[in-house]
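A structural walkthrough
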Amino acid sequence: MSLPRIAIVIPCYNEEQALPITAREILALIDRMADDELISRDSYILCCNDGSRDATWKVITDLHAADNRLKGISLAHNRGHQYALLAGLMTAKDACDAAISIDADLQDDPNAIIEMVRKFRDGKEIVFGVRSSRKTDTWFKRTTAHAFYSFQNAMGLETVYDHADYRLMSHRALELLSQYGESNLFLRGIIPQIGLETDIVTYERNERVAGESKYPLSKMLSFSIDGITSFSARPMRWIFMTGLILLVLDIFIAIYVLLAYFHHSAISGWTSIMLSVWFLGSLILMGIGIVGEYVGKIYIEVKNRPRYAIKDYLLD
Ligand code: UDP
Ligand code: MG
């Protein structure tokens with residue numbers, strides 16, 4: 001078997017500080033793996049500039065001029081991590097035997113790539129990077145992230161626990177991924193559904209090499225809601241079940257109210273009316289909100305817009 005050509009895909013949003021460090025480290029890793037005859041010499045890095053507002057694209061251009069194994073694409077505007085990643089994977093698809101996605105901040109230990117490639121050479125089509133610990137994340141980040149996985153699983157979205165978007169995908173897996181035409185993109189939900197032979201590699205999560213997180217709690221929350229509503233209708237069923245339980249309760253309440261009426265002991269009733277109006281009002285609003293989520297998704301899917309627009313290429 002000839003040595004596989006590997007593309008390492010890095011989504012970059014305002015990563016001018018981290019990128020030079022990351023590029024140096026990963027190019028050195030490519031050299032080492034090529035020396036060990038694990039991958040071919042023409043393996044490369046593909047940086048996807050996600051409409052950064054800082055000098056990220058300039059940094060990519062300079063790095064490309066110094067070593068053309070570092071390639072780049074630049075999205076016309078900021079589309080978010082998932083779309084930047086998809087743009088990169090789809091660009092690399094026909095120019096590699098396998099692509100590995102990794103963040104620009106080296107929080108995910110790049111040395112796990114070696115193990116991923118070994119598994120790929122043993123015939124695995126998708127290899128998930130799984131964090132063995134989150135010691136260096138703050139307590140808050142760790143707790144919210146774990147709540148995020150548990151909540152998703154409870155809501156019927158199957159994901160690989162403690163796996164973010166650090167993974168290897170073979171050419172065939174990328175080909176299959178390209179057939180998913182949905183606009184609400186949640187790669188961590190889609191990729192386990194692709195099938196094929198998968199495996200995991202565990203690694204220690206590190207601190208960011210430079211710059212700061214582009215994923216505050218608010219973005220994580222909306223990411224989680226997006227994931228759930230793109231994959232599962234379970235929230236709707238929960239609302240329905242709540243309605244059903246309330247209906248049963250209502251029978252008892254009606255009996256109580258009627259008994260009170262016939263015993264002439266009914267008081268003005270202001271408290272109970274206020275309570276039920278507020279309670280039912282909030283339930284109805286919640287229900288409408290959830291239905292709205294799905295209607296919103298249908299609306300976006302129906303429009304069938306292109307999911308990203310690449311402005312510049314540096315692929316030679
Ligand atoms: N990222 C991106 N577009 C965005 C936000 C983030 O391409 O709108 C990239 C970012 O440059 C990094 C990766 O997504 O390579 C993960 O972001 P970050 O490290 O800030 O997230 P965290 O590790 O804190 O969850
Ligand atoms: Mg990070």
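Being a predicted model, the structure only gives us computed values, none of them experimental.

So, about the site of ligand 1. Not every one of the 20 residues close to ligand 1 is listed here, only the nearest: E15, D50, D105, S213 and K214. Within the contact set of ligand 1, a nitrogen atom lies 2.6 Å away from a side-chain nitrogen or oxygen of D50. Expressed as a share of its isolated accessible area of 540 Å², the protein-covered part of ligand 1 is 95%. Of the residues assigned to the shell around ligand 1, the class counts are six nonpolar, five polar and nine charged.

Attention now goes to the side chain of R69. In this fold, R69 is placed in the loop between α2 (56-66) and β3 (70-75). Leaving out residues up to four positions away in the same chain, R69 has contacts with L27, I30, D31, R41, S43, Y44 and I45.

Here the focus is the nonpolar core. By size, the foremost hydrophobic cluster in this structure holds 35 residues, and its most contacted members are I8, I100, I113 and V117. Elements with a minimum of two residues in this core: β1 (6-12), α1 (18-35), β2 (44-49), α2, β4 (98-101), α4 (112-121) and β7 (198-204). Here this core takes eight residues from α1, the largest share from any one element. For I8, the contacting residues outside a window of four places in its chain are I26, I30, Y44, I45, L46, I100, I102 and I113. Counting 29 residues, the second largest nonpolar core, distinct from the first, contains C48, Y83, M90 and I191.

Side chains of W139, F140, L217, L221 and I225 sit close together on the surface and give an oily, nonpolar patch of about 540 Å² of accessible area. For the nonpolar patch, the element with the highest residue contribution is helix α8 (residues 217-231), accounting for three residues. Mapped onto the fold, L221 is located in helix α8.

Read across the sheet, eight strands follow the order β7-β5-β6-β4-β1-β2-β3-β8 without closing on themselves; strand pairing throughout is mixed. The two strands at the open ends of the sheet, each matched to only one other strand, are β7 and β8 (310-314). Ignoring strand direction, the axes of neighbouring strands in this sheet form an average angle of 20°. Bridge count between strand β5 (residues 126-133) and β7: seven bridges; the pairing is parallel.

Cut-offs and rules
Residues numbered from 1 in each chain as written. Chains lettered and ligands numbered in written order. Predicted model: local features only at pLDDT ≥ 70, side-chain atom pairs only at ≥ 80, totals over all residues. Heavy atoms only, no water. Near = heavy atom within 4 Å. Polar contact = N/O pair within 3.5 Å; in protein donor to acceptor, adjacent residues only side chain to side chain. Areas by Shrake-Rupley, 256 points an atom, 1.4 Å probe, with all protein chains shown as cover. Nonpolar A, V, L, I, M, F, W, Y, C, P; charged D, E, K, R; others polar. Helix = DSSP H or I, 4+ residues; strand = E, 2+ residues; numbered from the N terminus. Contact = heavy atoms within 4.5 Å. Core = buried A, V, L, I, M, F, W, Y, C linked by side-chain atoms within 4.5 Å. Buried < 20%, exposed > 50% of the residue type's maximum accessible area, 1.4 Å probe, protein only. Patch = residues over 30% accessible without salt bridge, like charges linked within 9 Å, V, L, I, M, F, W, Y side chains within 5 Å. Salt bridge = Lys/Arg side-chain N within 4 Å of Asp/Glu carboxyl O. Pairing = 2+ DSSP bridges. Axes fitted to C-alpha atoms, helices over the stretch in contact; angles between N-to-C directions.

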